[in-house]
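Listed here are the chains, written in short residue letters.
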Amino acid sequence: MNELRPFSRSFAVFDDQQCLLDWTSGFAEEFSDAASLLTKGISAKEIYDACLLPERALDLSWAGRGENKKPLEYINNRQTVLVEQEVSASGNIVRMAQSTSIASQVHPSMHDSNDELLRSAALQVSISVLKQREEENSRLSAQAQAAARTSKVKSEFLANMSHEIRTPMNGILGMATQLSNTKLTDSQQEMLDIITSSGQSLLVIINDILNLSKIEADKIELENRPVVLSKLLKDLELLFKGLAVSKDINLAAKSQLEMEDIVFTGDETRIKQVLINLLGNAIKFTDQGEVILAAEVTKGPKENVRIMFSVTDTGMGIEQEYIEKLFDAFSQADTSITRKFGGTGLGLTIASKLLTLMGSELKVESEVAKGSTFFFAIETSICEAEKQVPPIQKSDNALEKNDCSQLTILVAEDNKTNQIVLKGFLNRLGVNAITIAQDGEEAINLCKAEHFDLIFMDMQMPVKDGLQATVEIKQMEAYHDVPVIALTANVLEEDKKRCLDIGMCDFISKPISLALLESALNTWSQKTIRVDKNQAV
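Residues numbered from 1 in each chain as written. Predicted model: local features only at pLDDT ≥ 70, side-chain atom pairs only at ≥ 80, totals over all residues. Heavy atoms only, no water.

Asks: I tried to follow the sheet that holds strand β16 (residues 433-437) on my own but got confused; where do I start?
Replies: Think of a sheet as strands paired side by side through backbone hydrogen bonds, with each pair either parallel or antiparallel. Strand order in the open sheet made by the five strands is β16-β15-β17-β18-β19, with parallel pairing throughout. The open sheet is flanked by β16 and β19 (506-509), the only strands paired with a single partner. Neighbour-to-neighbour, the strand axes of this sheet turn through a mean angle of 20°, independent of strand direction. Sheet analysis places strand β17 (residues 454-458) next to strand β18 (residues 484-488), joined by four bridges and oriented parallel. Pairing of Phe456 across the sheet is with Ile485, part of β18. The strands that helix α10 (residues 416-428) touches are β15 (408-412), β16, β17 and β18; relative to β16, the one it contacts most, it runs at about 165°. Here helix α12 (residues 466-474) sits on the sheet and contacts β17 and β18; the angle it forms with β17, its principal contact strand, is near 150°. (Pairing = 2+ DSSP bridges. Helix = DSSP H or I, 4+ residues; strand = E, 2+ residues; numbered from the N terminus. Axes fitted to C-alpha atoms, helices over the stretch in contact; angles between N-to-C directions. Contact = heavy atoms within 4.5 Å.)

Asks: Mind showing me how you'd approach the packing of helix α4 (residues 186-216) against helix α9 (residues 347-357) here?
Replies: Packed helices, taken two at a time, are described by their axes: the angle between them and the distance between them. At their nearest, the axes of α4 and α9 sit 10 Å apart, and the two run at 30° to each other. In terms of axis orientation, α4 runs roughly parallel to α9. Crossing handedness for the pair α4 and α9: left-handed. Across the interface between the two elements, Asp208, Asn211, Leu212, Ile215 and Glu216 of α4 pack against Thr349, Ile350, Lys353, Leu354 and Leu357 of α9. Taken together, the residues that form the contact of α4 with α9 break down as five nonpolar, two polar and three charged. (Parallel < 35°, antiparallel > 145°, perpendicular 65-115°, else oblique. Left-handed = near helix turned anticlockwise from the far one by under 90°. Nonpolar A, V, L, I, M, F, W, Y, C, P; charged D, E, K, R; others polar.)

Asks: Can you help me understand the side chain of Arg270 in this one?
Replies: Within the secondary structure layout, Arg270 lies in helix α6 (residues 268-284). The side chain of Arg270 sits in the buried core without any salt bridge; Asp267 is the nearest counter-charge, 4.4 Å away. Other than its neighbours up to four places away in sequence, Arg270 contacts Ile220, Leu222, Leu354 and Met358. (Buried < 20%, exposed > 50% of the residue type's maximum accessible area, 1.4 Å probe, protein only. Lys, Arg positive; Asp, Glu negative; His and termini not counted. Salt bridge = Lys/Arg side-chain N within 4 Å of Asp/Glu carboxyl O.)

Asks: For this particular structure, what's the right way to read α12?
Replies: Owing to its 3.6 residues per turn, the α-helix aligns residues three or four sequence positions apart on the same side. Among all positions in α12, only Gly466, Leu467, Ala469, Thr470, Ile473 and Lys474 are buried. Buried residues along α12 cover an arc of 160° about the axis, so they all sit on one side. (Arc of directions from axis to C-beta.)

Asks: Honestly, the environment of Ala34 in this entry has me stumped. Any pointers?
Replies: With respect to the secondary-structure elements, Ala34 resides in the loop between α1 (25-30) and α2 (44-50). Relative accessible area serves as the criterion here: at 0%, Ala34 is assigned to the buried category. Among residues more than four places away in sequence, those in contact with Ala34 are Ile47, Ala50 and Cys51.

Asks: Sorry if this is basic, but what is going on with the confidence of the model for the protein chain here?
Replies: A low pLDDT score tells you not to read the predicted coordinates there in detail. Overall, the prediction assigns the protein chain a mean pLDDT of 75, with 72% of residues at 70 or greater. Low pLDDT, under 50, characterises residues 389-400; the stretch is placed with zero contacts to residues that sit more than four places away or in other chains. (pLDDT = per-residue confidence, 0-100.)

Asks: I tried to follow the packing of α6 against α9 on my own but got confused; where do I start?
Replies: Axis separation between α6 and α9 bottoms out at 9 Å; the angle between their running directions is 150°. You can see that α6 and α9 cross each other, and the crossing is left-handed. Taken together, the residues of α9 that come into contact with α6 (itself represented by Arg270, Gln273, Val274, Asn277, Leu278 and Asn281) are Gly347, Leu348, Ile350, Ala351, Leu354 and Leu355. When its residues are assigned to classes, the contact of α6 with α9 shows seven nonpolar, four polar and one charged.

Asks: Mind showing me how you'd approach the pattern of salt bridges here?
Replies: Side chains bearing opposite charge may pair, as long as their charged atoms lie close to each other. Throughout the structure, instances matching the rule amount to 13 salt bridges. Between Glu237 and Lys234 there is a salt bridge, and its shortest N-O distance comes to 3.6 Å. Remark: Lys234 and Glu237 occur in helix α5 (residues 229-246); sequence separation between them is three residues, near one turn of the helix. Accessibility expressed as a relative area gives 45% for Lys234, which makes it partly exposed. Here Glu472 and Lys464 are joined by a salt bridge, their closest N and O atoms 2.5 Å apart. Given a relative accessible area of 27%, Glu472 falls into the partly exposed group.

So, in structure tokens, the structure goes:
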């Protein structure tokens, strides 16, 4: 037989007595302990014994050729695949049999008295097919790696863009908030309201894009905690009641009376996110009539339940031709809708993808001029509600806000606009002693020189970022118990985790909300005040 051309995979041909007929260099390398023994006619058992292998270590498969001559072929088990195709080489036809290994089966048309030539042809064609398969797998692997790299770059780009847009947005909305507390004419107040509304709309778009990028990058982790159905429905009804009243629309939440107190396991935040989008759309596209949020519970075996959520409106409806592309990103039923109502067209895409992660599917039934119903079902199980933490006994002065006038606060922030916004907010909340650090290194030096009761720390700063600065500050004995609150435009879950892991106590995303800032200040200033009192005693 002619010498076989080199082939990276282990491959050999045995006869019907399991004696070696021919082999590739890959076979010799794999069974190196028997390499010196490999000669035509050596038995498979001798190869087993030389390599200390158990019986059937070689994957030998019969390849019938008719008559009594049945050569056997070996392929490394790690390289086995399933194939079923006919290939042609040098005029010979070889059928690849479907099995747990690749076995060349000589077609009846190849019957010939020259057995050696037939074996060689079959082996060479098998090697050729395997090479094609290897090249195809390599190509697919390269494509998968390229897709993963593209997804990673896309996610990083969107996260960076989110940060870059949120930083100036903090200045716009922050200064608008401060300006609203000054004396304005009616015309000035109207212009300020437009600035605030436009800024908030832009923030919604940023959040939508970031949400979509997180879902596509598989960075969404679903929770599995007790959810009280009645509370979920009531919260959503209260959230949209004002908007519905402003449009003179009736809004109601309905469920079976006997199921109102049901508690099920699920991700309440994500379920709410989906329903908020559906309710927002329903009210937006309904000018008269009603919007109904409903939940229908069907009990299954044991503790299993199926909850069908639906949002029904009496609005404009959707034409059938547009329903198919309704869940596509950046798509709306009609381009005129975007001009009239605005929006990115991402809301339903995000809702649909979130439900897919939860093992559900968003569906819609609609009729033009009569309304639409969006619905989805969640398969879950009944559980017990989480135990409520008993309320803390409050003093007579509990209703009063904390006195923050004696607090000394360090703000580490490199952006001048954000410094002005944050300082203005803190002044409004009663804080007078505010020190600004331009970067992480300056924040560290200031902490060495004097004591602060509370620190607001930006994550991305020159010289040393907020994470590095916090680690070094927390190592100082005087700052073990001083609260450090992250102020950042990075809003990914991993960013929040990194903050908490290095010792930060809280996380406020930009644009900074005065209400959230006040809440954080009240929460952590109480701890600071308690620590100071204990140290004084």
